[in-house]
Amino acid sequence: MKATVLGVLSGVLVVLLAGLWGGGAASADNGPHMSGQSVTTDSCAGCHRAHTAQAANLLKVSETALCSTCHDGSGATTMVDAGVTTGGGALRAGGFQQARINTQDSNPVGVGVLGGGQTTTSSHSTDGSSQELWGNSTPGSGPGFAGFQLTCISCHDPHGNGNYRILRPAPASEGGATDTTAGVNVPDESPKVYTTTNYFDNGPVIMSGANAGKSWLSSWCAQCHTRYLAPGGSATTALPGEPIFKFRHDTQEAYAPSCVKCHAAHGSNAAVSGYAAQVAWPGGTAVTTATGGSRLLKMDNRGICLKCHPR
Amino acid sequence: MTSNAQDYPRHQPPHLGRWLKGAVALLLLFALAWVAFVALQYQQTGKPISEVAGIKNIGPLAKLVQEPPRFTGSVWEVARPLGVAAAPDGSIYVTESAGDRMVKSFDANGQAKASIVTGESALSRSPLYVAVSPSGKVYVSDLERHAVLIFAPDGQAAGQVAPPSSEGWTPGALAFDAAGNLYATDLTPGQHRVVVIDPDGTLLLQIGQEGSAPGQFEFPNGVAVDAQGNIYVSDSGNGRVQAFDKSGHPLFMIGRGTSKGDLGMPRGIAVDNGRKLLYVVDATAHAVNVYDISNAAPKYSFRLGDDMGGESLSYPNGVAVDGNGRILVADKENKRIAIWTN
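Each value, and the rule that gives it
Residues numbered from 1 in each chain as written. Chains lettered and ligands numbered in written order. Predicted model: local features only at pLDDT ≥ 70, side-chain atom pairs only at ≥ 80, totals over all residues. Heavy atoms only, no water. Pairing = 2+ DSSP bridges. Helix = DSSP H or I, 4+ residues; strand = E, 2+ residues; numbered from the N terminus. Axes fitted to C-alpha atoms, helices over the stretch in contact; angles between N-to-C directions. Polar contact = N/O pair within 3.5 Å; in protein donor to acceptor, adjacent residues only side chain to side chain. Contact = heavy atoms within 4.5 Å. Disulfide = S-S within 2.5 Å. Buried < 20%, exposed > 50% of the residue type's maximum accessible area, 1.4 Å probe, protein only.

**Structural notes on the sheet that holds strand 19 (residues 277–282) of chain B**
All names here are of chain B. Read across the sheet, 4 strands follow the order 18-19-20-21 without closing on themselves; strand pairing throughout is antiparallel. The sheet is open, and its two borders are formed by strand 18 (266–272) and strand 21 (299–305), each paired with just one other strand. The sheet shows a mean angle of 25° between the axes of neighbouring strands, direction not considered. Across 6 bridges, the pairing between strand 19 and strand 20 (residues 287–292) is antiparallel. By the bridge assignment, Val-281 is partnered in strand 20 with Val-288.

Written as structure tokens, this is what we have:
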């Protein structure tokens, strides 16, 4: 009898937990990132153990270590450091250590892929070190939010949520950093394709309604980089009260490029030299590292501009 | 589970109705309180209820079958090691997953020897696991090369293992039996499996396919074979170990869970034939579980790592047992090989 009650109770518990963390919708987030009905408490044990159960108290670096346990190719097909799948396809997000973006592609409407990996020149941090979150917070409040600790989990929800690439709807909740809205739920694609043959792409696009044609990812990236989301006319109309991000390239409109058309989400192998390598950080801080100027861009120097504004 | 239920009468006498309703309501209240309590504990501590301090663990204490081995030192200067293997002469081979991505080699005392490289540059190689054949040749699986590459002990390239399928493969974990047959896991998307290949390159046996049913695998990251030819597979994505006899018939499973001896993310696996022990690395438990396999059913025995002599591991991945009763653990995030000695 006791066993039956316990059995029923643990059933209830599973349902409750699944409801709490799964967000309800039955969806296939792939791998162990399962939101919805297929969740069992046992599947939690893959990541939550005696030790990692204290994940919240663990150093940030070990959260990323958890992800790399599989995403190095030994537990998932996507190898995020190498920017490639185990099958050899180039990852859409680029890579953290190597990437395969053909950053010299002369095709006017394309940025192709390379046959082999090149060392990245810039990437989002994943080690939880303190970083300047460029453009976060309100206009006129300096270049960004200082001391943001970025890991994989800042952007992705390890428990799955049915969104595109399990992206968190509101990533910038850490330590007082601000986000613009209640959150951006980027709808998932079906079938899922992690690789690309053309990096010159806006990513998932809003299908219908007043915002049809606009890129989801521009709004999503701007959950952290709030002041980079620029509506039509931003190139000629200054952002009120803003000394730093005054005139901005449109990034929000259907005709304008999305953030990921110019930038790789994880990291890029673009080379920068000459003036491009010396463009200061917002606020005027000089670039110190030799490769520091590449800013996750998908083409060498400012080659990305020439795709749409040929000389 | 439900055998006791039969002791109760099927139909309650009518006068018990009110009492029963009350009891059921009370029970439900209890259930709700308990669920809320467990959920709250989990929310706050992130620990399953059985591991929350102050709540007594009612499971039987694990009995030690023998003195567990002692931690005796580390070999450093390996970049996020994934795999480790011991040669008959006591040499140690280690696959690196970061930095120069080499296969580092050390003598039995931990002195560095010539490294092995599986591709021209760090950008064109990605060594995964390593095993040493009975004749001392070093076999390395490489994700970038999609091959098992063969080397002489001094690092001289000596060809590669013929793929078991004409379309190629994505070899992962490796092990040898005494006859020199190679046991390998195949991580080719959509067709995860275990293959046994004889020294001439003939496919002798193939077990399983990708999936979660018994006999199927998700990203198997460890394979070991004992003196009887029984095969032990770390079915990492499904969080379990599956054992098979030499013809591939299932023997037992060690499953995923949070109780003592349960697994989370099993990776490297190794057998100590003399002591009849099975070593299974549990990467997310940061420990190596050790099971007594002298009987048909495996018995959890002890564990290396967090609760052993204070020596902690961080995302350990590979394990090997050498001829001198030493246990070598590829301690990935601590960037070392941790060594225990019997």
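That covers the picture; the talk isn't over yet.
**Comments concerning the side chain of Ser258(A)**
Residues and elements named next belong to chain A. By the element assignment, Ser-258 lies in the loop between helix 5 (216–221) and helix 6 (259–262). Side-chain polar atoms of Ser-258 contact the backbone nitrogen of Val-260, separated by 3.1 Å. Residues within four places of Ser-258 in sequence aside, it is in contact with Asn-202, Ser-215, Ser-218 and Thr-251.

**Focus on the state of the cysteines**
Throughout this description, disulfide means a covalent bond between two cysteine sulfur atoms. Residues and elements named next belong to chain A. Applying the stated criterion across every chain yields a total of 0 disulfides over all chains. Here Cys-155 stays free of any disulfide, with the sulfur of Cys-224 as its closest cysteine sulfur at 6.0 Å. Its sulfur unpaired, Cys-259 is 3.9 Å from the next cysteine sulfur, which belongs to Cys-221. Note on Cys-259: relative accessible area 17%, which makes it buried.

**What about the sheet that holds strand 8 (residues 147–151) of chain B?**
Residues and elements named next belong to chain B. Spatially, 6-7-8-9 is the arrangement adopted by the 4 strands of the open sheet, whose pairing is antiparallel. Edge positions in the sheet fall to strand 6 (127–132) and strand 9 (157–160), since each of these pairs with one other strand and no more. Here the strands of the sheet are splayed against their neighbours by 25° on average, with no regard to which way each runs. One ladder, built from 2 bridges, connects strand 8 with strand 9; its direction is antiparallel. Within strand 9, the residue paired with Phe-151 across the bridge is Ala-157.

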